[in-house]
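Working through the structure, step by step
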Amino acid sequence: MVVIAAGFILLGARDSDQPAISIEQAARANGHHHPPTLGSGLYQYEHPGRRRFDPQQVFNPELPPPTPAPNGIREFTLVLEEDQLHEVAPGVKMPAWTFNRSVPGPVLRATEGDTIRVTLVNKGKLPHSIHFHGIHPAKMDGVFEIVPPGAQFTYEFVAAPFGIMPYHCHTMPTSQHIHNGLYGMMIIDPKQGRKPMRELAMMMSAFDLDRDGEADFYAWNGRAFQYADHPVALTRGEPIRMYVLNMFEERMVPHLHGNMYQLYPSGTSLQPSEYTDVKTLNIAERAVLEFQYDFPGFYMFQCHVSEHMEQGLMGWFNVVEPKALVAKKDVR
Amino acid sequence: MAESVAERQMEDLVAHDQTAAATSSVARRGSRAAIIASALLPVMLLAGILYLLVQRGTGLALAPPAPIERIEFERVELYPGEIRAHVINSGPESVTIAQVQVGWLNRASWEFTATPSATIPRLGRAVVRIPYPWVAGEPYEVVLLTANTLVFTHEIAIAAETPVAGGSTLGSLALLGVYVGVIPVFLGIGWLPFLRALPQRGYYFFLNLTLGLLVFLGVDALHEALENAALVPGPYQGIALILIGLSLSILLLYAISGRVKGREGSGGNGLLLAYTIALSIGLHNLGEGLAIGGAYALGEVATGTLLVLGFTLHNLTEGVAVVAPVVRSRFRWVHLLWLGLLAGLPTIAGTMAGALAYSALWSVLFLAVGAGAIIQVVIEITRHQIRESGTASLANAFNVAGFAAGLAVMYVTGLFVTV
């Protein structure tokens, strides 16, 4: 028996020197490509279209065109509620703190020189506030103007300067109030206006669900992968202005595929500073991007921090032919 | 209903009672009914209270502040282009897996399918298949996110393809079992002529050396069982499994050896003891095999050759332990073959089972059963020695040295296997 066993040892000795998986096996395992075939989970190899979010709930990036304010006064009411279920990724709902039941809060838009009047109605159980970026008096800063539960407060100031201004709750602990969803974008248009074109508002943010200091999902406008499932339709040759704001505490890099954009940092100038396809936006930084697509098809728009993209900060532009052209083709 | 059954049983009992007078029979009937009622009453009251609790709740009206969900990974397998996680819901309520991420440098959201369903009931299981193009040798993290935003992660230390039940895989695993379990035992048994040639003192030295080895093995098995117990899904209570495996194996071995002894009608039987040792070492080797196979399945056998060499050296002494009680008795040589196979073969079964269907639960149970068997054998050998040479022999310098040598041998050879 021992002799037979010893024979086995000698026969098998070569085997035991080898790693658990041979180089050849490894090459075979990884040599041929295994694209995910079941849907848009990777959101990279397949054309989009699988519905994952309720389309009713998708945050519409379209902005209403700037219009003159009646009597030069812009009035907004932001109703603050806590623990509203917000779908941060398909199927994953977290109890968020919301302005008007939305994360991010609604886009507030005014023209430079307008009087902005924002009433915060606190329907939560904790005190809250709104801090607006931009120029305003000290007592409208949202740091001391804390609104107790059940109360309301009206912030009023003159819109200045033009550009993109974040707004967010500034009650301690501020990190909790912001990360739970109390933030939004305010657009102040220059008096003379910008060149009219189709406009989109895109907020970059993230969600740390298990509070371990690392975000679990990154999102355009509050939902990971939402424009991967519901691509934004653009028309070929149509000029687009995109207002982008980074509201998370990491740098983010808006990047367009197959295209370049004119960059207006903070939106505070009418002259672009750069023609590029990637620009790092640090914490609370924002920019206006202007571009147009010259070829039809699906183009990714993403954050170029690959981790952010892979955890939801990507989407698709579906660039289609202008209607006139499509109609002509149909006639033929 | 219950009362009528009880009464009928009472009547039967009373009917058999021929000597009882009619009057005392009635009295006894009454008192027996009272005894049975007193036994049933608390049970019925408890049932009533439980019913009320279920119907009305505890009355504390406490809603948990956050959903209590728990998903545990039982086994994660890697196939070309696919990560397959076997998970169990060990929380109090059902759980829905809504998103899956795979971490490498960073996490990436990934496509997945869950069978039979992404919603897993309490203590239910699911297999989550992730079509991920993993690369051998890389570390990964499998992250499951529930619909209620809870995050559960499993780390793959080194990615390696999970062995499938193919002929060559089974063959090489069996060979691993042969190296680790069978060969060392038989090599140890090969020392029998040498042990026979030793004088009385030398024999006791080796018997005590065996004791040392076994105590070391027992502690080692318990240690491994405790380590693996942490990996057992909560509701299966790893520590309780150890207690059950340990005590049941001791009791069962006593019951078996008691029966065999009773049948043979003899007191100390060296061969029986040898078989008990072989069985206990076999059980221990089964657990060890499961651990080795499991490590292989998890891609952790990086230092494979060294590990195999170490185990072989380490287990050489097991053969000595098996034959120690029969050194001075005569028996047919074929028993040696059976003894060796009993002690060694379970290793093969263990390595194959461990690699193909590794689960912490089974390895904990088998390691505990092995530890229990070893404890029983240690007690038996000690009694055997006391019977033959008296209690004083335990404190004999030679025997103490043997015991210490046994521990030392295991410790030193253990240096090769401890990674």
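To be clear, the structure that these remarks concern was listed above.
So, here is what we can say about the structure in this document. (Residues numbered from 1 in each chain as written. Chains lettered and ligands numbered in written order. Predicted model: local features only at pLDDT ≥ 70, side-chain atom pairs only at ≥ 80, totals over all residues. Heavy atoms only, no water.)

This brings us to the pattern of salt bridges. This structure, assessed with the given rule, holds 19 salt bridges over all chains. Each of Arg109, Asp189, Glu199, Arg241 and Glu290 of chain A takes part in a single network of salt bridges with overlapping partners. (Salt bridge = Lys/Arg side-chain N within 4 Å of Asp/Glu carboxyl O.)

Moving on to the sheet that holds strand β18 (residues 314-320) of chain A. Backbone hydrogen bonds hold the strands of a sheet together, and the pairing may be parallel or antiparallel. Residues and elements named next belong to chain A. One open sheet accounts for four strands, arranged β11-β18-β17-β13; its pairing is mixed. Each having just a single partner strand, β11 (232-235) and β13 (254-256) make up the two edges of the open sheet. Taken pair by pair, the neighbouring strands of this sheet meet at an average axis angle of 25°, ignoring direction. Where strand β17 (residues 297-303) meets β18, six bridges bridge the pair, whose relative direction is antiparallel. Its bridge partner lying in β18, Gly297 is registered against Val319. (Pairing = 2+ DSSP bridges. Helix = DSSP H or I, 4+ residues; strand = E, 2+ residues; numbered from the N terminus. Axes fitted to C-alpha atoms, helices over the stretch in contact; angles between N-to-C directions.)

Another point: unusual backbone geometry. With an omega dihedral of -5°, the bond running from Val103 of chain A to Pro104 of chain A counts as a cis peptide bond. By the secondary structure assignment, Pro104 of chain A is in the loop between β2 (92-99) and β3 (108-111). Of note, the bond from Thr115 of chain B into Pro116 of chain B is cis; its omega dihedral lies within 30 degrees of zero at 0°. Inspection of the secondary structure puts Pro116 of chain B in the loop between β5 (113-115) and β6 (119-120). Positive phi, normally seen in glycine, also occurs at Asn71 of chain A, with a value near 60°. In this structure, Gln237 of chain B is a non-glycine residue whose phi angle is positive, near 50°. Take Gln237 of chain B: it is sitting in the loop between α5 (200-229) and α6 (238-264).

Moving on, we come to the pairing of β11 of chain A. Residue and element names in this part refer to chain A. Residues Val232 and Leu234 point to one face of β11 and are all buried, whereas Ala233 and Thr235, pointing to the other face, are not buried. Taken together, the four bridges between β11 and β18 define a ladder with parallel strand orientation. Looking across to β18, one finds that Ala233 is bridged to Asn318. (Buried < 20%, exposed > 50% of the residue type's maximum accessible area, 1.4 Å probe, protein only.)

For the rest of this paragraph, the subject is the packing of aromatic side chains. Aromatic rings in a pair are described by how distant their centres are and how their planes are angled relative to each other. All names here are of chain A. Counted by the stated rule, this structure contains 17 aromatic pairs over all chains. Ring geometry for Phe132 versus Phe157: centroids 5.0 Å apart, planes at 55°, classification tilted. Residue Phe132 is located in strand β5 (residues 131-132), and its partner Phe157 is located in strand β6 (residues 152-158); the two are separated by 25 residues in the primary sequence. The exposure class of Phe157 is buried, given its relative accessible area of 5%. Grouped by ring-pair contacts, the aromatic residues Trp220, Tyr227, Phe291, Tyr293, Tyr299, Phe301 and Phe317 constitute a single cluster. (Phe/Tyr/Trp six-rings, centres within 6.5 Å; stacked < 30°, edge-to-face > 60°.)

So, about the sheet that holds strand β1 (residues 73-89) of chain A. Residues and elements named next belong to chain A. Read across the open sheet, the four strands follow the order β2-β1-β4-β6; overall the sheet is mixed. Either end of the sheet is taken by a strand with one partner, and the two such strands are β2 and β6. On average, each strand axis in the sheet is tilted by 25° relative to the strand beside it, whichever way the strands run. The pairing of β1 with β2 spans seven bridges and is antiparallel. Along β2, the bridge assignment pairs Leu80 with Phe99.

All names here are of chain B. Topologically, Glu77 is positioned in strand β1 (residues 71-79). Among the polar contacts made by the side chain of Glu77, one reaches the side chain of Tyr79 at a distance of 3.1 Å. What Glu77 contacts, discounting residues up to four positions off in sequence, is Glu82, Ile83, Arg84, His86 and Thr162. (Polar contact = N/O pair within 3.5 Å; in protein donor to acceptor, adjacent residues only side chain to side chain. Contact = heavy atoms within 4.5 Å.)

When a protein is soluble and globular, its nonpolar side chains tend to lie buried together. The biggest cluster of nonpolar side chains holds 45 residues, and the ones touching the most others in it are Leu214, Ile277, Ile281, Val322, Val323 and Ile381 of chain B. With 10 residues, helix α3 (residues 167-189) of chain B is the largest single contributor of residues to this core. What Val322 of chain B contacts, discounting residues up to four positions off in sequence, is Ala274, Ile277, Ala278, Ile281, Leu339 and Ala343 of chain B. One finds Val88, Ala96, Leu245 and Met247 of chain A within the second-largest nonpolar core, a separate group that totals 34 residues. (Core = buried A, V, L, I, M, F, W, Y, C linked by side-chain atoms within 4.5 Å.)

Residue and element names in this part refer to chain B. In contact at an axis separation of 8 Å, α5 and helix α10 (residues 360-389) are set at 155° when each is read in the N-to-C sense. Classified by the angle their axes make, α5 and α10 are roughly antiparallel. Remark: the crossing between α5 and α10 carries left-handed chirality. Looking at the contact of α5 with α10 residue by residue, the classes come out as 20 nonpolar, nine polar and two charged. (Parallel < 35°, antiparallel > 145°, perpendicular 65-115°, else oblique. Left-handed = near helix turned anticlockwise from the far one by under 90°. Nonpolar A, V, L, I, M, F, W, Y, C, P; charged D, E, K, R; others polar.)

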